[in-house]
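Report on the structure
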Amino acid sequence: MGDEKDPLPSEAHDSAEFVALLRLLKERSGLTYRQLEKRAAECGKTLARSTLADVLRRDTLPRPELLAAFVHACGEGRHTRAWLERRDGIAASQRCRGAVAPREDPAPAEPPEEPTGVGVPGPRPHVRRGQATAMSVSAAAVLVLVIAVGVWVLTPGGGADGAATGDCPDALAPGAYGPCVREVQLHLRQHALDLPVDASFGPLTRARVAAFQGMSRLPVTGAVDRATKNALDHRHSTALAQARRWSSARVERRLRATFPEDPGAAVALARCMSNLDPLWAWDGGSADRSAWRWGLFQLTDRDIKGLGGTTRNALDPEWNIRAGRAIWERERGFVRWTCRPARPG
């Protein structure tokens, strides 16, 4: 893929520029439409190649579900949230422009004539200046209200089913459901831990909480306690900073450089186990703390301890790749790893 800068969704200002970036993303992936369709299917997503080809030929925004599948298939799954948010921002901007598009109101002194019969001018409408001003103020007030509601809905804890942070309990555990779980999920996404915001504290939310705890040097439980909530409330975190530095393309380049003997196998294995997501943690829903697997090569606690590291180290892509290399050299290949596909986000 080279060392060129990856396309950033924030660079798009309208739908045409957005789709142009998607074309560039496909080009950088080096994959055909058929290969993209197959890779999406491996992640449990639907991405019909004919539909994708039509989308990339036009200048209109793709559907959110198709966009998410496409970004995942291109190997940029960790940045799906950024692509979806930019898409929604452009769509909202277009809707606002359509809703309040300026109309040329007839000037009071010279209103247009609308014929009501052959050669007979109809009555001229008369709008007083005060009425026009009142209507403009009302329209502006409605627009401000719409924007405020949109911001409220998209803010953690907002929305019709939202709850203020003060209304949420100090602890949330797997099995919980509701606006407080939704708030946690939104905060996790803000820290580059991609997952659906469905208000359900299921296995994937538990895994993302565990990864955040590991990166934040908190006890890894997979449940949310007061310390975890406080850490989530901070805008800046090691996880977010790392995600900005390590794109999927960079991870792949590092894997290929570290395993020159079999670069394709190294990339395929890491992609299958972790979607090339350095922050991937998974335990299969087990209650056993030792069942957790961490990072690109899904290292066990035993692996990490044997290599003199910590959970935080294992979620550092550079350390994890070097650890994978050490295990590869010790066992003379990738024989110890079984590829169990990472659960799609």
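Because the structure is predicted, anything quoted here is derived from the model rather than measured.

**Considering the overall build of the protein**
Helix and strand counts for the protein stand at 15 helices and four strands. For the protein, the residues scored as buried account for 44% of the 345 residues in total. In the protein, once contacts between residues fewer than 6 apart in sequence are set aside, the share between residues at least 24 apart is 55%. Accessible surface, the protein: about 18,500 Å² in total, of which carbon and sulfur atoms supply 55%.

**Section: the state of the cysteines**
The full count for this structure, using the stated rule, is one disulfide. With a sulfur-sulfur separation of 2.1 Å, Cys168 is cross-linked through a disulfide to Cys180. Disulfide Cys168-Cys180: torsion about the S-S bond near -95 degrees, hence left-handed. A residue pair is termed long-range when its members are at least 10 positions apart, and Cys168 in the loop between helix H6 (129-154) and helix H7 (179-190) and Cys180 in helix H7 qualify at 12 residues. Here Cys168 and Cys180 have matching classes, each one buried.

**Some thoughts on the packing of aromatic side chains**
Across all of its chains, the model carries nine aromatic pairs by this definition. Ring plane angle 80 degrees and centroid distance 6.1 Å describe the contact between Phe259 and Trp328, whose orientation is recorded as edge-to-face. Taken together, the residues span a long stretch of sequence, with Phe259 in the loop between helix H11 (248-258) and helix H12 (263-274) and Trp328 in helix H15 (residues 317-331) at a distance of 69 residues. Of the two residues examined, Phe259 and Trp328, each falls in the buried class.

**Considerations on the pattern of salt bridges**
Within the structure shown, the criterion is met by 19 salt bridges. Between Glu65 and Arg63 there is a salt bridge whose closest N-O contact spans 2.9 Å. Overall, the relative accessible area of 47% leaves Arg63 in the partly exposed class. One salt-bridge network, in which partners are shared between bridges, spans Arg78, Arg208 and Asp277.

**A few points about unusual backbone geometry**
Among all residues save glycine, negative phi is the norm, and among peptide bonds the norm is trans. Residue Arg217 is not a glycine yet carries a positive backbone phi of 60 degrees. Structurally, Arg217 can be placed in the loop between helix H8 (203-215) and helix H9 (226-233). Among the residues examined, Arg217 registers a relative accessible area of 65% and is labelled exposed. Phi is positive for Arg332, close to 55 degrees, though the residue is something other than glycine. With respect to the helices and strands, the residue Arg332 is situated in the segment after H15. Residue Arg332 is classed as exposed on the basis of its relative accessible area, which comes to 76%.

**A look at the nonpolar core**
Ranked by size, the top nonpolar core spans 50 residues in total, and within it Leu188, Leu255, Phe259, Trp294, Phe297 and Phe334 carry the most contacts. Within the residue set of this core, elements represented by two or more residues are H7, H8, H9, H11, H12, strand S3 (281-282) and H15. Examining the composition of this core, we find that seven residues originate from one element, H8, more than from any other. For Phe297, the residues in contact, after removing those within four places along its chain, are Leu255, Phe259, Leu269, Met273, Asn320, Ile321, Gly324, Phe334 and Trp337. Core analysis: the next-biggest nonpolar cluster, separate from the first, contains 25 residues, Leu21, Leu67, Phe70 and Ala73 among them.

Cut-off values and rules
- Residues numbered from 1 in each chain as written.
- Predicted model: local features only at pLDDT ≥ 70, side-chain atom pairs only at ≥ 80, totals over all residues.
- Heavy atoms only, no water.
- Helix = DSSP H or I, 4+ residues; strand = E, 2+ residues; numbered from the N terminus.
- Buried < 20%, exposed > 50% of the residue type's maximum accessible area, 1.4 Å probe, protein only.
- Contact = heavy atoms within 4.5 Å.
- Areas by Shrake-Rupley, 256 points an atom, 1.4 Å probe, with all protein chains shown as cover.
- Disulfide = S-S within 2.5 Å.
- Phe/Tyr/Trp six-rings, centres within 6.5 Å; stacked < 30°, edge-to-face > 60°.
- Salt bridge = Lys/Arg side-chain N within 4 Å of Asp/Glu carboxyl O.
- Core = buried A, V, L, I, M, F, W, Y, C linked by side-chain atoms within 4.5 Å.

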